[in-house]
Amino acid sequence: MPNKPFIHYLCVSTFIVLLPFGLTACVPTGDSLTDISVAPSAPAIFNYAVNGSKTKKLTFEIDNPGASANLTLLQGEQVLIDNLNIPRSGTQTLNALVHFQALGETRLQLRTINSPVTIKSLEIEDVPHVAVPQFKDISVRAGLDKVNSLKYGGPSVADIDQDGDYDFILNNHNAETSKIYWNNGDGTVTKHKDDLSRWFMQDLHGTALGDYDNDGDLDMLLSRGGGNGTNPSVSYFYRNNDSNFVRYTGDVGIDRGGRGRGARYIDMDLDGDLDLLLVNETGLANQTPQHLFYENNGQGGFTYKSVAGIQDVRSSRTLVTDLNGDNIEDIVMYGPLSIWQGNGDFTYTNISDSIPDAIRELSSVMAVSYTHLTLPTTPYV
């Protein structure tokens, strides 16, 4: 099948959420700062007088001696810049928008991970006409359990009980287990009577929801880790029985384990039912295949399918979308980044060469989104 050109756009986000603590160093106050040294063990702390607009554009000229690094800016406990990606070694210029809560004197802190950096210059300028979205944490008020640590915490969002609003599964790998929350329709949620973990600190990861048996409700796949790959675990498959999830893993033919991270429902052979992709992290022994594919047999079960090429990609995150508008789902694997064009027959063609080199070589890619951008017919003025 010939490769069609992309008609939409990929948005790649490169960030890490670990914030290390260490010793501090001080630098002068001002709107133009120079020669700030920041190391993972030695943050830089400085005073800054917020005047004029509370929305500022920050322009960093950074010298990075390492392969890559990430930079975070804090105002007290508030994160202003969250792990800004410094994608390569050498000197480079990066921009960021920040919004301060109030005018006046404040104390800022710069942190870095992966490599020490020198900020050769930091220019801070007003951008009063730029609106920066602001979000308020209403988790407790809405009915969520407030936890201190989330790992592999991306939610699965869908109208699970089919009452017209979105419910969600909040995944968590740590002491607070993965949980189902039902939307009450009034801005609050109610936690499901049972947690998804079957014992304390069970090795759980991402979930996926899809109607695999075409009975009108959403069934769930819950992926499980495997002791860093040394003890691969078979993921759990649950049928939806009037909003109660009943475990059917072996009964539906899912019998292979991995170092599970997530799953995706995809009609890979265009036969009208949903097949399964189980996405796994690389095991310590580099076991193959890394990722597991299951074909929906149309009779309430799945059959394992070997899919050459993509099944051994050393990535553990994925985006499923139709990149070229041919009504066949394509797969974006990332961390590192590669793109696989679906052929509609349970095979995929690697079209990663279509990605610009500067994007393909990015390190620490943690999120990828896909959007259709409508370009203006006349230039902006």
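Residues numbered from 1 in each chain as written. Predicted model: local features only at pLDDT ≥ 70, side-chain atom pairs only at ≥ 80, totals over all residues. Heavy atoms only, no water.

**Student:** Tell me about unusual backbone geometry, and name the residues and values.
**Tutor:** Phi is mostly negative for residues that are not glycine, and the peptide bonds are mostly trans. Each neighbour pair has its own omega, and for Thr 288 with Pro 289 the value is -5 degrees, a cis peptide bond. Tracing the backbone shows Pro 289 in the loop between strand E22 (275-280) and strand E23 (292-296). That bond from Gly 335 to Pro 336 is cis: its omega, 5 degrees, falls within 30 degrees of zero. Looking at the secondary structure, you find Pro 336 in the loop between strand E26 (330-334) and strand E27 (338-342). A positive phi angle is found at Asp 242, which is not glycine, with a value near 55 degrees. Summarising the element assignment, Asp 242 is placed in the loop between strand E18 (236-241) and strand E19 (244-247). Its identity as a non-glycine residue notwithstanding, Asn 327 has a phi of 65 degrees, on the positive side. Tracing the chain through its elements places Asn 327 in the loop between strand E25 (317-321) and E26. (Helix = DSSP H or I, 4+ residues; strand = E, 2+ residues; numbered from the N terminus.)

**Student:** Tell me about the sheet that holds strand E5 (residues 55-64), and name the residues and values.
**Tutor:** One open sheet accounts for four strands, arranged E3-E10-E5-E8; its pairing is antiparallel. Strand pairing shows two members of the sheet lacking a second neighbour, strand E3 (32-38) and strand E8 (90-99), which therefore form its edges. For this sheet, the mean angle separating the axes of adjacent strands, direction not counted, is 25 degrees. Pairing between E5 and strand E10 (residues 117-126): eight bridges, direction antiparallel. (Pairing = 2+ DSSP bridges. Axes fitted to C-alpha atoms, helices over the stretch in contact; angles between N-to-C directions.)

**Student:** So what's going on with the pairing of E18? Which residues, and what values?
**Tutor:** Put simply, side chains in a regular strand alternate between the two faces of the sheet. With three bridges connecting them, strand E16 (residues 219-224) and E18 associate as antiparallel partners. Bridging from a neighbouring strand, Met 220 pairs with Tyr 238 of E18. Linkage of E18 to E19, two consecutive antiparallel strands, is achieved through a turn of two residues, within which Asp 242 is found at a positive phi near 55 degrees.

**Student:** Run through the pairing of strand E12 (residues 167-170), naming residues and quoting values.
**Tutor:** Only one face of E12 is buried: it carries Asp 167 and Ile 169, and the other face, with Phe 168 and Leu 170, is open. With four bridges connecting them, strand E11 (residues 155-158) and E12 associate as antiparallel partners. Across the sheet, Ser 156 pairs through a bridge with Ile 169, a residue of E12. Pairing geometry for E12 and strand E13 (residues 179-183), over three bridges, is antiparallel. What sits directly across from Leu 170, in E13, is Lys 179. (Buried < 20%, exposed > 50% of the residue type's maximum accessible area, 1.4 Å probe, protein only.)

**Student:** Would you mind going over the sheet that holds strand E24 (residues 302-305) in detail, with residue names and values included?
**Tutor:** In any sheet, the strands associate via hydrogen bonds between backbone groups, in a parallel or an antiparallel arrangement. The four strands are arranged E21-E22-E23-E24 in an open sheet whose pairing can be described as antiparallel. The open sheet has two edge strands, strand E21 (260-266) and E24, and neither has a second partner. For this sheet, the mean angle separating the axes of adjacent strands, direction not counted, is 25 degrees. In this structure, E21 lies alongside E22, joined through six bridges in antiparallel fashion. The residue bridging Arg 264 from the neighbouring strand is Leu 277, located in E22.

**Student:** Describe in detail the packing of aromatic side chains, supporting the description with residues and values.
**Tutor:** To describe a pair of aromatic rings, you give the distance between the ring centres and the angle between the ring planes. Counted according to the given criterion, the structure contains seven aromatic pairs. A connected cluster of aromatic rings, assembled from ring pairs, spans Tyr 212, Phe 237 and Phe 302. Positioned above the aromatic ring of Tyr 248 is the side chain of Arg 239, whose terminal nitrogen or guanidinium carbon lies 4.3 Å from the ring centre. Between Lys 305 and the ring centre of Phe 346, over which it is positioned, the NZ or CZ distance is 5.5 Å. (Phe/Tyr/Trp six-rings, centres within 6.5 Å; stacked < 30°, edge-to-face > 60°. Lys NZ or Arg CZ within 6 Å of the ring centre and 35° of its normal.)

**Student:** Residue-level account of the nonpolar core, with values.
**Tutor:** Grouped together as the largest cluster of nonpolar side chains are 27 residues, with contacts concentrated most on Phe 60, Leu 110 and Ile 119. Going through the elements one at a time, E3, strand E4 (44-50), E5, strand E6 (69-75), strand E7 (78-86), E8, strand E9 (104-113) and E10 are the ones with two or more residues in this core. Beyond its immediate sequence surroundings of up to four residues, Phe 60 is in contact with Leu 71, Ile 81, Leu 84, Gln 92, Thr 93, Leu 94, Leu 110, Ile 119, Ser 121 and Leu 122. (Core = buried A, V, L, I, M, F, W, Y, C linked by side-chain atoms within 4.5 Å. Contact = heavy atoms within 4.5 Å.)

**Student:** Please provide a residue-by-residue account of the side chain of Gln 341, values included.
**Tutor:** Its location among the elements puts Gln 341 in strand E27. The buried category is assigned to Gln 341, whose relative accessible area is 1%. Separated by 3.3 Å, the side chains of Gln 341 and Asn 324 make a polar contact. (Polar contact = N/O pair within 3.5 Å; in protein donor to acceptor, adjacent residues only side chain to side chain.)

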